[in-house]
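Residues per chain, in single letters:
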Amino acid sequence: MSETLTVLKLGGSVITQKDQRETVDEASLARACDAIEAVCKDERLVVVHGGGSFGHHHAAEHGVSDTDGSTDASGLTAIHRAMGELNETVVDALQERGVGALPVRPLSVAHREEGTLDLPAGSVAAMLEEGFVPVAHGDVVADSGRGGTILSGDDIVVSLSRSLLADRVGLCSTVPGVLDTAGEVIDRIDAYEDVAPALGESEATDVTGGMAHKVCQLLDLDVPASIFDLDGLERFFEDGTAGTVIAGGGSD
Ligand code: IP8
């Protein structure tokens, strides 16, 4: 097995039907899992998935976001349980294909302190060492002075990529990449200013997980990251050139 470590996010809107409550998009999940099965024999892989129609309905019902917290334990548990169900579905689909997938549930180990995420990666590193494919998910986390808030899959991807010194990062989403003002996929982004007109808002005013926020987070990583859709997943695994490549390296 190669030493290459890839962190892949499967967007919640890719693997679920976003407008139908707690409904998996079976066909898309199967496609994603087939591609993962083909690659994980040869390289180390961490999978992170988003909430889609599982986490987000519950989060909205209980008024919880990444900044608006709640002290209602039963509401936070409802969000966590729904995410657990989706995680179980993803893990099962991978295991059915012979992938050594193991669930990773952030609520039990992660928290935010003054807005900074603390997500210990020791157990994920140990799983990788033993040849497993850790599968983490967006979740709720205890957040200093706010009760519990939402931890997005994107934030988990960024944190784990740094802690585990990932070689590459992929975000599989419902769009084929970052789009320019004419609606065409931008091949490569080296600096935020180059795409600011297309993305509109800056990092400071977009904290809700929109494309601008994603691009800023990925530019801050030390390794290349790509944003692509399900059609681009195999190509991402092959040579990392699917969709939009975000150069990384800590550029602005
Ligand atoms: O879909 C959010 O993760 P995301 C997860 O990656 C929950 O933003 C719990 C809504």
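Placed above this text is the structure.
As the structure is a prediction and not an experimental result, all values here were calculated from the model.

Caption draft 1: Region of the structure containing the pattern of salt bridges. Within the structure shown, the criterion is met by 10 salt bridges. The salt bridge partner of Asp143 is Arg112, with a shortest N-O separation of 3.5 Å. Of the two residues, Asp143 is situated in strand β7 (residues 139-143) and Arg112 in strand β4 (residues 111-113); the sequence distance between them amounts to 31 residues. One exposure class covers both Asp143 and Arg112, and it is buried. When the shortest N-O distance is used, the salt bridge between Arg112 and Asp155 registers 3.6 Å. Residue Arg112 is found in strand β4, and its partner Asp155 is found in helix α6 (residues 153-163); the two are separated by 43 residues along the sequence. Residue Asp155 is classed as buried on the basis of its relative accessible area of 19%. Salt bridges sharing partners connect three or more residues here, namely Arg112, Asp143, Arg146 and Asp155.

Caption draft 2: Representation of a negative patch on the surface in the model. Together, Glu3, Glu129, Glu130 and Asp167 make up a region of like negative charge exposed at the surface. Tracing the backbone through its elements, the reader meets Asp167 in the loop between α6 and β9 (168-173).

Caption draft 3: Representation of the sheet that holds strand β2 (residues 44-49). Strand order across the open sheet formed by 8 strands is β3-β6-β2-β1-β9-β11-β12-β10, with mixed pairing between neighbours. The two strands at the open ends of the sheet, each matched to only one other strand, are β3 (101-104) and β10 (188-189). Strand direction decides the pairing type here: β2 and strand β6 (residues 133-137), joined by 3 bridges, are parallel. Among the inter-strand pairings, Val48 is bridged to a residue of β6, identified as Ala136. On the sheet, helix α8 (residues 211-219) packs against β9, β10, β11 (225-229) and β12 (244-246) and is oriented at approximately 145° with respect to β11.

Caption draft 4: Representation of α6 in the model. In terms of residue burial, α6 counts as a mostly covered element, since 9 of its 11 residues are buried. Among all positions of α6, only Gly153, Asp154, Asp155, Ile156, Val157, Val158, Ser159, Leu160 and Ser161 are buried. Looking one or two places after α6, you find Leu165, whose phi comes out positive at around 55°.

Caption draft 5: Structural view of the packing of helix α3 (residues 52-61) against helix α4 (residues 73-96). For the pair α3 and α4, the least separation of the axes is 8 Å and the interaxial angle reads 170°. Looking at the two axes, α3 sits roughly antiparallel to α4. For the pair formed by α3 and α4, the contact residues are Phe54, Gly55, His58 and Ala59 on the first element and Ala78, Ile79, Ala82, Met83, Glu85 and Leu86 on the second. Residues belonging to the contact of α3 with α4 are distributed by class as follows: 7 nonpolar, 2 polar and 1 charged.

Caption draft 6: How the structure looks around α3. Burial in α3 covers these residues: Gly52, Ser53, Phe54, Gly55, His58 and Ala59. Residues of α3 that are buried sit in contact with α1 (12-15), α4 and β8 (147-151).

Caption draft 7: Layout of the sheet that holds strand β5 (residues 116-118). Here 4 strands make up an open sheet; going across it, the order is β5-β4-β7-β8 and the pairing mixed. The outermost strands of the open sheet, each flanked by one partner alone, are β5 and β8. Here the average twist between neighbouring strands, direction ignored, is 40°. Together, β7 and β8 form the strand contacts of α4, whose direction differs from that of β7 by roughly 145°.

Caption draft 8: Expanded view of the environment of Asp72. As for its position among the elements, Asp72 is in the loop between α3 and α4. Given a relative accessible area of 34%, Asp72 falls into the partly exposed group.

Caption draft 9: Molecular detail of the nonpolar core. Within the largest apolar cluster, 38 residues are counted, with the highest numbers of intra-cluster contacts made by Val46, Val48, Leu160, Leu164, Ile189, Val215 and Leu218. Put simply, the parts of the chain that give this core at least two residues each are β1 (5-10), β2, α5 (122-129), α6, β9, α7 (192-199), α8 and β11. Ranked by the residues each element gives to this core, the list is headed by α8, at 5 residues. Setting aside chain neighbours within four positions, we find Val46 in contact with Leu5, Thr6, Val7, Leu8, Val124, Leu128, Pro134, Leu160 and Leu164.

Caption draft 10: How the structure looks around the site of the ligand. Taken together, Lys9, Gly50, Gly51, Gly55, His56, Ile79, Met83, Gly138, Asp139, Ile150, Ser152 and Gly153 make up the full set of residues adjacent to the ligand. Lys9 is positioned such that a nitrogen or oxygen atom in its side chain is 2.9 Å from an oxygen atom of the ligand. Protein chains shield 91% of the accessible area of the ligand, which is 330 Å² for the free molecule. Partitioned by chemical class, the residues of the shell around the ligand number 3 nonpolar, 7 polar and 2 charged.

Analysis parameters
Residues numbered from 1 in each chain as written. Predicted model: local features only at pLDDT ≥ 70, side-chain atom pairs only at ≥ 80, totals over all residues. Heavy atoms only, no water. Salt bridge = Lys/Arg side-chain N within 4 Å of Asp/Glu carboxyl O. Helix = DSSP H or I, 4+ residues; strand = E, 2+ residues; numbered from the N terminus. Buried < 20%, exposed > 50% of the residue type's maximum accessible area, 1.4 Å probe, protein only. Patch = residues over 30% accessible without salt bridge, like charges linked within 9 Å, V, L, I, M, F, W, Y side chains within 5 Å. Areas by Shrake-Rupley, 256 points an atom, 1.4 Å probe, with all protein chains shown as cover. Lys, Arg positive; Asp, Glu negative; His and termini not counted. Charge placed at Lys NZ, Arg CZ, Asp CG, Glu CD. Pairing = 2+ DSSP bridges. Contact = heavy atoms within 4.5 Å. Axes fitted to C-alpha atoms, helices over the stretch in contact; angles between N-to-C directions. Parallel < 35°, antiparallel > 145°, perpendicular 65-115°, else oblique. Nonpolar A, V, L, I, M, F, W, Y, C, P; charged D, E, K, R; others polar. Core = buried A, V, L, I, M, F, W, Y, C linked by side-chain atoms within 4.5 Å. Near = heavy atom within 4 Å. Polar contact = N/O pair within 3.5 Å; in protein donor to acceptor, adjacent residues only side chain to side chain.

These values are about where atoms sit, not about what they do.
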